[in-house]
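So the chains spell out like this:
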Amino acid sequence: MRKLRIGIIDLATKTARPGLYGRIMNANLTSIMPQVIGVWCEEAGHEVQFVCYTGAEDLMAELPKELDLVFIGAFTQAAHLSYALSNLFRKRGAVTVLGGPHARCYPEDAQRFFDYVLGFTDKAVITEVLAECEAHRPMGRHIAAAQQPLELPPLAARWKFVEATIAKAPTIKIIPMIGSLGCPYTCSFCIDSTVDYQPLGFQQLSDDLAFLLTKMKNPIVGWHDPNFGVRFEEYMQAIEAVVPPGGMRHISESSLSLLSEPHLKRLRANGFGAVLPGIESWYDLGNKSKTRRTGMEKVEQVSEHINLVMRYIPYVQTNFVLGLDCDSGSEPFELTKRFLDLTPGAFPAYSLLSAFGRAAPQNLDYQRAGRVLPFPFNFLNNNHAMNVRPANYTWPDFYDKLIDLSKYSFSWKAIGRRFAATPGAIPRWLNVVRAVSTEGFGRIEYHTMIRGLLDSDQGVRAYMEGETTVLPEFYRARIEHDLGPMYQYLPEGGLSHDPHAYLKSQAADAPLTQMRPGMRHSRGAMASAPAHEPGAHA
């Protein structure tokens, strides 16, 4: 095998114009799998240039022009940027590869613009790409392993990539770690709903934490597990075996059902300072909250539980999905307000119901019902567009209620109450920054703008009602603004996609994956890393 010049780009954002929170935190949103691929490529004897794009870098200056192979990892919201980059590097003679959640959710579309689109990715898949390294055009080749990798390289092997990335973080520096893949829960909207839960080696986890303590004093570890602590005792033993009390801080996303008081005491003793439990709905998904109650009874029970969590862990983000089919009328929004009143310290993270291609089987039902809209990928970040027409609301009614809830959640009164109810300087001020930046004030402004367009722009209203597929100028201009200089490299047809590709593939019963011996057909799944943005399911 010839020695290849390889570029690896981890797209932590979609825009060169990040807000205040993005400028502080984007470097901490790095994915693990691009670093893993970098290790595997170097082990195979190739030369690797690695860049985590946080919005501040000049990608053209960061990477050499002469590359043989370029790997790009992207969430769906960064798909247009990834397409533009692939087009540019292809014109320079490189072969391009897409991995990450977008490759998993929209493989058919990605194949139009990449030579390889990767599903579940293990070392054998990467070895095959490196050995072949050929252009596949006009349609790229889709490759997927039979399952998630059984092991990943240790932190020591990927440290140079981690170190270069966290150096870009101005204040808070979070080290990405993972101890498990998949999730035991089957939330209908979630990318991990059909991925079997699979713990990685706990001895390697201990070794990684011990290594980290040789590199940083009192580091912060961000756990990328879709649901941290399913094997709770093994996790705690792995941490306690090598980390002295007070020697490390942790952030994780865990279900409330795992956060019993004995577990909370253990988490606090081991330095867990932030957890992100998913509440999702007041009427459904009670298994995640360990309750069969609904409505106000669930609000009261969950609020009591969250307040208990905050007695042990200072920073709590509660995740909600708005627009679910079980929601109707004002009650779901009013119940969330009551929850905020009863639980002032929790930071609410709202996601709009979104169908990310092949991410979840329920997306087939939305597509069969003709409810999935062709919003450009740039807006599919759980907030800038809801690409599933709501079952029980008109668009104006839904946005009126969304704006009202957002204003209630991020009023100065709510910010003040959250500040007072949150212990610790960093958690307090992080909540303030999130509220006054893009997550709070920024989304209120954006949702209000969309609500106005529903009345004033017939093209936007018709597009959201599914009456036309003609992209309104408002959305095209936003994409051009976000991509900046990279917009000129967006390939022809790159703004549009077929929102029913998943359904059509099922009807045609056509294999997507080109498999090697020992592989099985997959649903276009890519397991490069679980979603690392709060509330992100792509």
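Residues numbered from 1 in each chain as written. Predicted model: local features only at pLDDT ≥ 70, side-chain atom pairs only at ≥ 80, totals over all residues. Heavy atoms only, no water.

## Details of the overall build of the protein chain
A tally of regular secondary structure across the protein chain gives 22 helices and 15 strands. Scaling as 2.2 N^0.38, a compact globule of 538 residues should have a C-alpha radius of gyration of about 24 Å, and the protein chain matches this with 22 Å. For the C-alpha atoms alone, the extent of the protein chain along its principal axes is close to 60 × 60 × 40 Å. Scored against the burial criterion, the 538 residues of the protein chain give a buried share of 62%. In the structure as shown, the protein chain presents an accessible area of about 20,100 Å², 52% of it carried by carbon and sulfur atoms. Of note, the protein chain has its 54 positive side-chain charges centred 3 Å away from the centre of its 55 negative side-chain charges. (Helix = DSSP H or I, 4+ residues; strand = E, 2+ residues; numbered from the N terminus. Rg over C-alpha atoms; globule rule 2.2 N^0.38 Å. Buried < 20%, exposed > 50% of the residue type's maximum accessible area, 1.4 Å probe, protein only. Areas by Shrake-Rupley, 256 points an atom, 1.4 Å probe, with all protein chains shown as cover. Lys, Arg positive; Asp, Glu negative; His and termini not counted. Charge placed at Lys NZ, Arg CZ, Asp CG, Glu CD.)

## Here's the deal with the nonpolar core
One finds Trp223 and Phe398 to be the most contacted residues of the largest nonpolar core, which totals 126 residues. Apart from the residues within four sequence positions on either side, Phe398 is in contact with Leu322, Gly323, Phe333, Leu352, Met386 and Tyr393. Counting residues in hydrophobic clusters, the runner-up holds 35 residues, among them Ile37, Cys52, Leu118 and Phe120. (Core = buried A, V, L, I, M, F, W, Y, C linked by side-chain atoms within 4.5 Å. Contact = heavy atoms within 4.5 Å.)

## Some details on the packing of aromatic side chains
Tallied over the entire structure, the rule returns 29 aromatic pairs. Geometrically, the ring pair formed by Trp282 and Phe320 is tilted, given 5.7 Å between the ring centres and 50° between the ring planes. Of the two residues, Trp282 is situated in the loop between strand 13 (278-280) and helix 12 (286-289) and Phe320 in strand 14 (residues 315-322); the sequence distance between them amounts to 38 residues. An identical accessibility class is assigned to Trp282 and Phe320; each is buried. (Phe/Tyr/Trp six-rings, centres within 6.5 Å; stacked < 30°, edge-to-face > 60°.)

## Section: the pattern of salt bridges
Counting across every chain of the model gives 30 salt bridges. The partner of Asp365 in a salt bridge is Arg368, with the nearest N and O atoms 3.1 Å apart. Remark: Arg368 and Asp365 occur in helix 15 (residues 362-368); sequence separation between them is 3 residues, near one turn of the helix. A relative accessible area of 44% places Asp365 in the partly exposed class. Residue Asp400 is joined to Arg451 by a salt bridge in which the shortest nitrogen-to-oxygen separation is 2.8 Å. Here Asp400, found in helix 16 (residues 395-409), pairs with Arg451, found in helix 19 (residues 438-456); they are 51 residues apart in sequence, far enough to count as distant. Through salt bridges that share partners, Glu334, Lys337, Arg338, Asp341 and Asp404 make up one connected network. (Salt bridge = Lys/Arg side-chain N within 4 Å of Asp/Glu carboxyl O.)

## Some details on the sheet that holds strand 2 (residues 47-53)
The strand order across the open sheet built from 6 strands is 2-1-3-4-5-6, with neighbouring strands paired in parallel fashion. A single partner strand is all that each edge strand has here, and the edge strands are strand 2 and strand 6 (141-143). Across the sheet, the mean angle from the axis of one strand to that of its neighbour is 20°, orientation sign disregarded. (Pairing = 2+ DSSP bridges. Axes fitted to C-alpha atoms, helices over the stretch in contact; angles between N-to-C directions.)

## Observations concerning the environment of Ala79
Note that Ala79 resides in helix 4 (residues 79-91). Separated by 72 residues in the primary sequence, Ala79 and Glu151 have C-alpha atoms spaced 28 Å apart. Apart from the residues lying within four places of it in its own chain, the contact partners of Ala79 are His102 and Phe377.

## A closer look at the confidence of the model for the protein chain
Confidence in the prediction for the protein chain averages 91 pLDDT; 92% of positions are at 70 or higher. Within the model, the stretch residues 513-538 combines pLDDT values under 50 with 93 contacts to residues more than four positions away or in other chains. (pLDDT = per-residue confidence, 0-100.)

## Side note on the pairing of strand 7 (residues 174-177)
Burial along strand 7 is two-sided: Ile174 and Pro176 and Ile175 and Met177, pointing in opposite directions, are all buried. Relative to strand 10 (residues 220-223), strand 7 runs parallel, the two sharing 4 bridges. For Pro176, the partnering residue across the bridge sits in strand 10 and is Gly222.

## Details of the packing of helix 2 (residues 33-43) against helix 8 (residues 155-166)
Two measures define how a pair of helices packs: the angle their axes make with one another and the distance between the axes. Two elements in contact, helix 2 and helix 8, have axes whose closest approach is 9 Å; the angle formed by their N-to-C orientations is 120°. Classified by the angle their axes make, helix 2 and helix 8 are oblique. Considering the relative orientation of helix 2 and helix 8, their crossing is right-handed. On helix 8, the residues that touch Gln35, Gly38, Val39 and Glu42 of helix 2 are Ala157, Arg158, Lys160, Phe161 and Val162. Here the contact of helix 2 with helix 8 is composed, by residue class, of 4 nonpolar, 2 polar and 3 charged. (Parallel < 35°, antiparallel > 145°, perpendicular 65-115°, else oblique. Left-handed = near helix turned anticlockwise from the far one by under 90°. Nonpolar A, V, L, I, M, F, W, Y, C, P; charged D, E, K, R; others polar.)

## So, unusual backbone geometry
Between Arg137 and Pro138 the backbone carries a cis peptide bond, its omega angle lying at 15°. Phi at Glu280 is positive, roughly 70°, even though this residue is not glycine. Even without glycine at this site, Asn382 takes up a positive phi of about 75°. Tracing the backbone shows Asn382 in the loop between helix 15 and helix 16.

## Things to note about the environment of Ser411
Mapped onto the elements of the fold, Ser411 is located in the loop between helix 16 and helix 17 (412-421). Accessibility expressed as a relative area gives 26% for Ser411, which makes it partly exposed. Remark: the alpha-carbon pair of Ser411 and His250, spanning 161 residues in sequence, is separated by 29 Å.

## Topic: the state of the cysteines
Summed over all chains, the structure comprises 0 disulfides. Unpaired in terms of disulfides, Cys133 finds its nearest cysteine sulfur in Cys41, a separation of 9.9 Å. (Disulfide = S-S within 2.5 Å.)

## Description of helix 2
The element helix 2 is extensively covered by neighbouring structure, given that 9 of its 11 residues are classed as buried. Residues of helix 2 that are buried: Met33, Pro34, Gln35, Val36, Ile37, Gly38, Val39, Trp40 and Cys41. Where helix 2 ends, the next residue or the one after it, Gly45, has phi of about 95°, a positive value.

## A word on helix 13 (residues 295-312)
In this model, helix 13 (18 residues) spans 26 Å end to end at C-alpha, consistent with the 26 Å of a helix rising 1.5 Å per residue. Along helix 13, the residues classified as buried are Gly295, Lys298, Val299, Val302, Ser303, His305, Ile306, Leu308, Val309, Met310 and Tyr312. (Expected span 1.5 Å × (residues − 1).)

## What about the side chain of Lys337?
Counting through the fold element by element, Lys337 comes out in helix 14 (residues 331-342). In this structure the side chain of Lys337 is engaged in a polar contact, spanning 2.4 Å, whose partner is the side chain of Asp404. (Polar contact = N/O pair within 3.5 Å; in protein donor to acceptor, adjacent residues only side chain to side chain.)

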